[in-house]
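Summary of the model geometry
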Amino acid sequence: MANQDFPLIFERSKEGRTGYSLPDLEVPEIDLDSELDDAYIRKNAPELPEVSELEVMRHYTGLSNRNYGVDSGFYPLGSCTMKYNPKINEDVARLDGFSHIHPYQDPETIQGALEMMYDLQSALKEITGMHEISLQSAAGAQGEWTALMMIRKFHEANGDYQRTKVIVPDSAHGTNPASAAVAGFDAVTVKSNEDGLVDLQDLKRVVGEDTAALMLTNPNTLGLFEKDILEMADIVHKAGGKLYYDGANLNAIMGYARPADMGFDAVHLNLHKTFTGPHGGGGPGSGPVGVTKELEPFLPKPVLIKRDGQYMFDHDRPQSIGRIKPYYGNFAINLRAYTYIRTMGAEGLKKVSEYAVLNANYMMRKLEKAYDLPYNQHCKHEFVLSGKKQKKLGVRTLDIAKRLLDFGYHPPTIYFPLNVEEGMMVEPTETESKETLDGFIDTMLTIAKEVEDNPEIVQEAPHNTVVKRMDETTAARNPILRYTK
Ligand SMILES: *Cc1c(COP(=O)(O)O)cnc(C)c1O
């Protein structure tokens, strides 16, 4: 793995070189041999790199320069909402009064922090229309599971033990059927129709007395609004099931539509997506859950309440599904989301959705000239192209994604949702300028032209990155996780 331009830290090592020296001992040295069993005593010195402080600095700075994030460039990874994370969030998260408190402190001494959480819950209630919110769950997937456990307990409380099935559209995010399974349900698929929306006839076919819930994201993962949502809610409710809203995609509808008004009984939100928690490395996240009054008794405990002007945790919740995470959620991520909501205001959040939808439609209409657009209607916050045309010329969507790296872009989400052949799911977000959108559009059109004129350059991409085309199958099956000389 040696690389001339960027030697790894082991390759920088020179025997005897040090970057740090410990002060002389001020206490008598202990005799390890008499203190420790022989089996625990190292026979050879560890093989650590011997480098100066400057070499260590260059190693880590070099690594960080290779990192790609939304602060370094455009990141249209569909369904992930890679928008700019305002730096004022970081300032607030670092305030002593927030960063130096401990969850075991007496609630009386952290009233300000609890007030922030309470206000955040109120704001999320307003945005979603739900009756109550819990900030406990740490990610979207955990939020899904939490809500499904509540729905399960609700049915059990009614003696409805036969409700063992959760209906999931074929375009659903992979976490939906997975959460259903982990919550002890069987996931049943409902098909999409030729417009990319849930097929109502198929929904009527799969719904029944064994239905616990329908899980849905609206707009769906194709970026399309399920316009028949009220009818769908009616079908599921009449059968005694509940509706669960996967709110990872709230970026398209804030201030315009609320899950509660669409008939949903439970929802999770991804604060690390729509509400600017930094999540390029996969976390930490926050996936609050919102529910109707009917499901409120089942919320994870403790529940944050306000009584006689004091904020406190209510542990006396006999029907609760119990605690789902230590303490009370990812506090610092919730704080960033709170800062974002307060700095944007209600009108600002509405504008966010307007621009997110405008940017996606602008890009979609420019790119449909070169790429197949399987569902040709106005989109919401994202859209899905198909690389079908390019595949006929021997170039796959994976190749196009790799070629984008040469031009300095993070690729869109590819091969998802599963119901689109050679799919490319593009989510520009509201924070990008027209110039950035145009730059990406030009690059995508350039690549489409290359596919026609010079397909090899795309098939063999990337050419400009540190690591070239990898054998992904071997990398997954036989990973080499340790440094070898
Ligand atoms: C991201 C996402 C999830 C999962 O959220 P995590 O925080 O990654 O667990 C679920 N559904 C949709 C539609 C998503 O985009």
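As a reminder, the structure under discussion sits directly above these lines.
Note that the coordinates shown come from a computational prediction; the quantities given were computed from them, not determined experimentally.

1. Observations concerning the site of the ligand
- In the vicinity of the ligand there are 13 residues, among which S79, G140, D246, H272 and K273 approach most closely.
- In this structure, N270 approaches the ligand through a side-chain N or O atom, which is 3.0 Å from an oxygen atom.
- Isolated, the ligand exposes 380 Å² of accessible area, and the fraction of that covered by the protein chains is 86%.
- Per-element tally for the shell around the ligand: the top contributor is helix 6 (residues 140-157), with three residues.
- Here the shell around the ligand is composed, by residue class, of three nonpolar, seven polar and three charged.

2. A short note on the sheet that holds strand 2 (residues 165-169)
- Pairing within the open sheet is mixed, and its seven strands lie in the order 1-7-6-5-4-2-3. Strands at the two margins of the open sheet, each flanked by one partner only, are strand 1 (132-134) and strand 3 (186-190). Across the sheet, the mean angle separating the axes of adjacent strands is 25° when strand polarity is ignored.
- Sheet topology note: the strand 6 (residues 266-269)/strand 7 (residues 289-291) ladder contains three bridges and is antiparallel. In the sheet register, H268 faces strand 7, and the bridge partner there is V289.

3. Observations regarding the pairing of strand 6
- A two-sided burial pattern is seen for strand 6, the buried positions comprising A266 and H268 on one face and V267 and L269 on the other.
- Two strands pair when backbone bridges link them, and strand 5 (residues 242-247) and strand 6 are joined in this way by four bridges, in the parallel orientation. Its bridge partner lying in strand 6, Y244 is registered against A266.

4. Section: a negative patch on the surface
- Judged by side-chain charge, E29, D31, D33, E35, D37 and D38 come together as a negatively charged surface patch.
- Mapped onto the fold, E29 is located in the segment before helix 1 (32-35).
- Residue classification places E29 among the exposed positions, given a relative accessible area of 71%.

Rules behind the numbers
Residues numbered from 1 in each chain as written. Predicted model: local features only at pLDDT ≥ 70, side-chain atom pairs only at ≥ 80, totals over all residues. Heavy atoms only, no water. Near = heavy atom within 4 Å. Polar contact = N/O pair within 3.5 Å; in protein donor to acceptor, adjacent residues only side chain to side chain. Areas by Shrake-Rupley, 256 points an atom, 1.4 Å probe, with all protein chains shown as cover. Helix = DSSP H or I, 4+ residues; strand = E, 2+ residues; numbered from the N terminus. Nonpolar A, V, L, I, M, F, W, Y, C, P; charged D, E, K, R; others polar. Pairing = 2+ DSSP bridges. Axes fitted to C-alpha atoms, helices over the stretch in contact; angles between N-to-C directions. Buried < 20%, exposed > 50% of the residue type's maximum accessible area, 1.4 Å probe, protein only. Patch = residues over 30% accessible without salt bridge, like charges linked within 9 Å, V, L, I, M, F, W, Y side chains within 5 Å. Salt bridge = Lys/Arg side-chain N within 4 Å of Asp/Glu carboxyl O. Lys, Arg positive; Asp, Glu negative; His and termini not counted. Charge placed at Lys NZ, Arg CZ, Asp CG, Glu CD.

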